[in-house]
Amino acid sequence: MRHLRTAIASAIAGLGLVATLGTAPTVAAAPAPAAPSASSASSATTIAAYTGSSENAAANRAFYDAVMKSVAEKRAANPGALAVTVTYNASSAPSFRGQIARSTQIWNSSVSNVRLQEGSNADFRYYEGNDSRGSYASTDGHGRGYIFLDYRQNQQYDSTRVTTHETGHVLGLPDNYRGPCSELMSGGGPGPSCTNAIPNTNERSRVNYLWRYGFAAATS
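Conventions we followed
- Residues numbered from 1 in each chain as written.
- Predicted model: local features only at pLDDT ≥ 70, side-chain atom pairs only at ≥ 80, totals over all residues.
- Heavy atoms only, no water.
- Axes fitted to C-alpha atoms, helices over the stretch in contact; angles between N-to-C directions.
- Helix = DSSP H or I, 4+ residues; strand = E, 2+ residues; numbered from the N terminus.
- Parallel < 35°, antiparallel > 145°, perpendicular 65-115°, else oblique.
- Left-handed = near helix turned anticlockwise from the far one by under 90°.
- Contact = heavy atoms within 4.5 Å.
- Nonpolar A, V, L, I, M, F, W, Y, C, P; charged D, E, K, R; others polar.
- Buried < 20%, exposed > 50% of the residue type's maximum accessible area, 1.4 Å probe, protein only.
- Polar contact = N/O pair within 3.5 Å; in protein donor to acceptor, adjacent residues only side chain to side chain.
- Disulfide = S-S within 2.5 Å.
- Expected span 1.5 Å × (residues − 1).

## Here's the deal with the packing of helix H2 (residues 97-110) against helix H4 (residues 159-170)
- The N-to-C vectors of H2 and H4 enclose an angle of 55°; their axes lie 9 Å apart at closest approach. As judged from the angle between their axes, H2 and H4 are oblique. Viewed along their axes, H2 and H4 form a crossing whose handedness is right-handed. Counting all contacts with H2, which are made through Gln99, Ile100, Arg102, Ser103, Ile106 and Trp107, the residues of H4 involved are Ser159, Thr160, Thr163, Thr164, Thr167 and Gly168.
- Here the residues of the contact of H2 with H4 are counted per class, giving 3 nonpolar, 8 polar and 1 charged.

Below is the structure:
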């Protein structure tokens with residue numbers, strides 16, 4: 001992973017366990033499906049990845065807008081709920097089940113206005129396999145989508161950090177590759193030696209703000 005590839009950067013300001021995969025699984029999973037098109041999505045690619053690339057400015061906004069649509073829909077359905085529940089399906093990423101579970105635990109213990117939960121009728125899915133783009137999060141333009149976890153990248157970088165970082169995109173956070181290791185969304189910017197998988201105070205506050213006030217922001 002050279003330097004994290006972005007897909008949500010300028011729209012928003014910018015746990016302990018370390019689990020690094022040793023060798024790639026011997027059987028490669030089928031590649032993740034292409035992100036569905038949507039009339040409300042940007043014409044640019046809507047991928048937010050862990051390896052840096054140069055074409056992501058428009059995609060940043062598209063991913064953020066998709067998250068806001070999800071916030072608006074869920075808050076409208078349950079306006080009095082203290083927390084919005086976002087459901088995921090990890091059945092297509094069996095090699096990373098431990099990292100996904102740890103990522104879920106990290107986020108659920110870090111924020112209070114949104115809760116991740118594995119279950120049916122998922123808002124997003126995890127996939128695994130080999131992809132030259134590395135690991136990334138992709139949206140369909142309706143607040144739903146998938147996270148793809150690349151085998152090679154998860155050998156080079158701390159796997160729990162990669163997974164928690166990509167899940168941060170689903171929750172509305174952009175990449176900030178120039179940030180320090182203590183910033184989760186700095187992704188691969190600090191280099192492979194960085195194993196921190198915990199969002200910092202600003203990142204936690206931002207997610208709580210988005211999922212508490214996102215409905216008003218999305219409909220204003």
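## Some remarks on the side chain of Asn108
- By secondary structure assignment, the location of Asn108 is in helix H2.
- You can call Asn108 buried: its relative accessible area is 18%.
- There is a polar contact of 2.8 Å between the side chain of Asn108 and the backbone nitrogen of Leu116.
- With residues up to four places along the chain from it excluded, the contact list for Asn108 reads Val114, Arg115 and Leu116.

## What to know about the state of the cysteines
- Tallied over the entire structure, the rule returns 1 disulfide.
- Here Cys181 engages in a disulfide with Cys194; their sulfurs sit 2.1 Å apart. Of note, the bridge from Cys181 to Cys194 carries an S-S torsion of about 90° and is right-handed in sense. On the criterion of sequence distance, the pair formed by Cys181 in the loop between H4 and helix H5 (201-219) and Cys194 in the loop between H4 and H5 is long-range, its members being 13 residues apart.
- Taking relative accessible area as the criterion, Cys181 reaches 29% and is therefore assigned partly exposed.
- Take Cys194: its relative accessible area is 4%, and that puts it in the buried class.

## Describing H2
- The end-to-end C-alpha separation of H2 is 20 Å, in line with the 20 Å expected for 14 residues at 1.5 Å each.
- Taken together, the buried positions of H2 are Gln99, Ile100, Arg102, Ser103, Thr104, Ile106, Trp107, Asn108 and Ser110.

## As for H4
- When the terminal C-alpha atoms of H4 are compared, their 17 Å separation across 12 residues agrees well with the 16 Å that a helix rising 1.5 Å per residue should span.
- Burial within H4 is extensive, with 12 of its 12 residues counted as buried.
- Those residues of H4 that sit buried are Ser159, Thr160, Arg161, Val162, Thr163, Thr164, His165, Glu166, Thr167, Gly168, His169 and Val170.
- Following H4 by one or two positions, Gly172 adopts a phi angle in the positive range, close to 110°.

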